[in-house]
Amino acid sequence: MAHLLFRLRHVTDEEAMEVRQLLDEHGFDVYETQAGFFRLGVDAIWLRNPAQRDDAEAALTEYQAERQANARQAHKEALARNEAPTLWRRLAEHPFQVTLVMVAVVLIALLTLLPFIGLAR
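Residues numbered from 1 in each chain as written. Predicted model: local features only at pLDDT ≥ 70, side-chain atom pairs only at ≥ 80, totals over all residues. Heavy atoms only, no water.

A.B. asks: Give a description of the pattern of salt bridges that names residues and reports values.
C.D. replies: Scanning all chains against the criterion turns up seven salt bridges. One salt bridge connects R20 with E32, and the closest N-O pair in it is separated by 2.3 Å. Pair noted here: R20 is in helix α1 (residues 13–25) and E32 is in strand β2 (residues 30–33), with a separation of twelve residues, a long-range link. Through salt bridges with shared partners, a single network forms among E15, E18 and R67. (Salt bridge = Lys/Arg side-chain N within 4 Å of Asp/Glu carboxyl O. Helix = DSSP H or I, 4+ residues; strand = E, 2+ residues; numbered from the N terminus.)

Take a look at the structure:
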(Lines give C-alpha, C1' and ligand atoms only; values in the text may rest on other atoms or scores of the structure.)
Protein backbone atom coordinates (compact mmCIF):
# COMPACT_ATOMS: atom_id res chain seq x y z
CA MET A 1 0.00 0.00 0.00
CA ALA A 2 1.22 3.49 -0.79
CA HIS A 3 2.61 5.64 2.01
CA LEU A 4 2.13 9.42 2.27
CA LEU A 5 5.67 10.72 2.17
CA PHE A 6 5.47 14.51 1.76
CA ARG A 7 2.52 16.92 1.72
CA LEU A 8 2.84 19.66 -0.87
CA ARG A 9 0.27 22.04 0.60
CA HIS A 10 1.82 25.38 1.64
CA VAL A 11 5.17 24.32 0.14
CA THR A 12 7.01 26.67 -2.19
CA ASP A 13 7.62 25.55 -5.76
CA GLU A 14 11.36 25.67 -5.09
CA GLU A 15 11.11 23.28 -2.13
CA ALA A 16 8.76 20.94 -4.01
CA MET A 17 11.21 20.74 -6.92
CA GLU A 18 14.10 20.06 -4.53
CA VAL A 19 12.14 17.25 -2.86
CA ARG A 20 11.22 15.72 -6.22
CA GLN A 21 14.85 15.91 -7.32
CA LEU A 22 16.07 14.36 -4.04
CA LEU A 23 13.65 11.46 -4.28
CA ASP A 24 14.51 10.95 -7.96
CA GLU A 25 18.27 10.96 -7.25
CA HIS A 26 17.83 8.27 -4.60
CA GLY A 27 15.69 6.17 -6.94
CA PHE A 28 12.54 6.03 -4.81
CA ASP A 29 9.36 4.83 -6.51
CA VAL A 30 7.02 7.79 -5.93
CA TYR A 31 4.01 9.46 -7.49
CA GLU A 32 2.16 12.73 -6.91
CA THR A 33 -1.47 13.52 -6.30
CA GLN A 34 -3.26 16.82 -6.74
CA ALA A 35 -6.05 18.13 -4.50
CA GLY A 36 -8.31 18.79 -7.45
CA PHE A 37 -10.64 21.66 -8.28
CA PHE A 38 -12.58 21.63 -5.00
CA ARG A 39 -9.46 20.87 -2.88
CA LEU A 40 -11.00 17.62 -1.61
CA GLY A 41 -7.88 15.57 -2.27
CA VAL A 42 -4.33 15.86 -0.98
CA ASP A 43 -1.43 17.57 -2.73
CA ALA A 44 1.29 15.09 -1.83
CA ILE A 45 4.11 12.84 -2.87
CA TRP A 46 3.41 9.18 -2.15
CA LEU A 47 5.83 6.26 -1.88
CA ARG A 48 4.73 3.15 -3.78
CA ASN A 49 7.19 0.64 -2.34
CA PRO A 50 6.76 0.15 1.43
CA ALA A 51 10.24 -1.43 1.64
CA GLN A 52 11.76 1.98 0.81
CA ARG A 53 9.84 3.82 3.54
CA ASP A 54 12.60 4.10 6.16
CA ASP A 55 15.23 5.16 3.63
CA ALA A 56 12.92 7.73 2.03
CA GLU A 57 11.92 9.21 5.39
CA ALA A 58 15.57 9.36 6.45
CA ALA A 59 16.52 11.17 3.23
CA LEU A 60 13.67 13.67 3.70
CA THR A 61 14.57 14.22 7.36
CA GLU A 62 18.18 14.95 6.39
CA TYR A 63 17.04 17.30 3.60
CA GLN A 64 14.67 19.19 5.91
CA ALA A 65 17.35 19.55 8.61
CA GLU A 66 19.75 20.96 6.00
CA ARG A 67 17.08 23.32 4.64
CA GLN A 68 16.26 24.51 8.17
CA ALA A 69 19.94 25.14 8.92
CA ASN A 70 20.28 27.14 5.67
CA ALA A 71 17.19 29.22 6.51
CA ARG A 72 18.47 29.94 10.01
CA GLN A 73 21.87 30.94 8.63
CA ALA A 74 20.27 33.25 6.06
CA HIS A 75 18.18 34.85 8.82
CA LYS A 76 21.25 35.35 11.02
CA GLU A 77 23.08 36.97 8.10
CA ALA A 78 20.11 39.27 7.44
CA LEU A 79 20.11 40.24 11.12
CA ALA A 80 23.84 40.94 10.98
CA ARG A 81 23.34 43.17 7.90
CA ASN A 82 20.34 44.79 9.61
CA GLU A 83 18.08 43.70 6.74
CA ALA A 84 15.80 41.27 8.60
CA PRO A 85 12.08 42.05 8.32
CA THR A 86 10.68 43.67 11.45
CA LEU A 87 7.37 45.29 12.33
CA TRP A 88 8.94 48.77 12.27
CA ARG A 89 10.61 48.17 8.91
CA ARG A 90 7.31 46.97 7.44
CA LEU A 91 5.54 49.98 8.96
CA ALA A 92 8.07 52.29 7.32
CA GLU A 93 7.77 50.53 3.94
CA HIS A 94 3.97 50.03 3.93
CA PRO A 95 2.39 52.35 6.50
CA PHE A 96 -1.15 52.22 5.10
CA GLN A 97 -1.25 48.43 4.86
CA VAL A 98 0.16 47.89 8.37
CA THR A 99 -2.21 50.46 9.87
CA LEU A 100 -5.17 48.84 8.11
CA VAL A 101 -4.23 45.40 9.46
CA MET A 102 -3.85 46.76 13.00
CA VAL A 103 -7.25 48.45 12.81
CA ALA A 104 -8.80 45.19 11.57
CA VAL A 105 -7.22 43.25 14.45
CA VAL A 106 -8.55 45.73 17.01
CA LEU A 107 -12.05 45.65 15.46
CA ILE A 108 -12.14 41.85 15.43
CA ALA A 109 -10.96 41.73 19.05
CA LEU A 110 -13.63 44.24 20.07
CA LEU A 111 -16.36 42.36 18.24
CA THR A 112 -15.26 39.12 19.86
CA LEU A 113 -15.07 40.54 23.38
CA LEU A 114 -18.14 42.76 23.18
CA PRO A 115 -20.61 40.11 24.45
CA PHE A 116 -18.40 39.37 27.43
CA ILE A 117 -17.96 43.05 28.25
CA GLY A 118 -21.76 43.38 28.19
CA LEU A 119 -22.16 40.45 30.61
CA ALA A 120 -19.88 42.10 33.16
CA ARG A 121 -22.35 44.96 33.71
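Past the structure itself, the notes keep going.
A.B. asks: Pulling in residues and values, what's your account of unusual backbone geometry?
C.D. replies: If a residue is not glycine, its phi is most likely negative; likewise, a peptide bond is most likely trans. Non-glycine residue R39 carries a positive phi angle of around 60°. Within the secondary structure layout, R39 lies in the loop between β2 and β3 (44–47).

A.B. asks: Pulling in residues and values, what's your account of α1?
C.D. replies: Look at α1: 18 Å from first C-alpha to last across 13 residues, which is about the 18 Å you get at 1.5 Å a residue. For α1, the full list of buried residues reads E15, A16, V19, L22 and L23. Along the axis of α1, the buried residues cluster in a sector spanning 125°; they form a single face. The outward face of α1, more than 90 degrees from its buried face, is lined by the exposed residues D13, E14, D24 and E25. In this fold, the buried residues of α1 make contact with β1 (3–7), β2, β3 and α2 (53–80). Note on α1: the residue one or two positions beyond its end, G27, has a positive phi of about 75°. (Expected span 1.5 Å × (residues − 1). Buried < 20%, exposed > 50% of the residue type's maximum accessible area, 1.4 Å probe, protein only. Arc of directions from axis to C-beta. Contact = heavy atoms within 4.5 Å.)

A.B. asks: I'd like a rundown of the sheet that holds β3, residues and numbers included.
C.D. replies: Here we have three strands laid out as an open sheet, ordered β1-β3-β2, and antiparallel in their pairing. With one partner strand each, in any of the chains shown, β1 and β2 form the two edges of the open sheet. Adjacent strand axes in the sheet meet at a mean angle of 30°, parallel and antiparallel pairs treated alike. Of the pairings in the sheet, the one linking β1 to β3 comprises four bridges and is antiparallel in character. Opposite L4, over in β3, you have W46 as the bridge partner. Lying over the sheet, α2 contacts β1 and β3, oriented at roughly 10° with respect to β1. (Pairing = 2+ DSSP bridges. Axes fitted to C-alpha atoms, helices over the stretch in contact; angles between N-to-C directions.)

A.B. asks: Can you lay out the side chain of Q52 for me, pointing to particular residues and giving the numbers?
C.D. replies: Considering the arrangement of structural elements, one finds Q52 in the loop between β3 and α2. According to the relative accessible area criterion, Q52 is buried, its value standing at 18%. In this structure, Q52 is in contact with G27, F28, D29 and L47, ignoring residues within four places of it in sequence.

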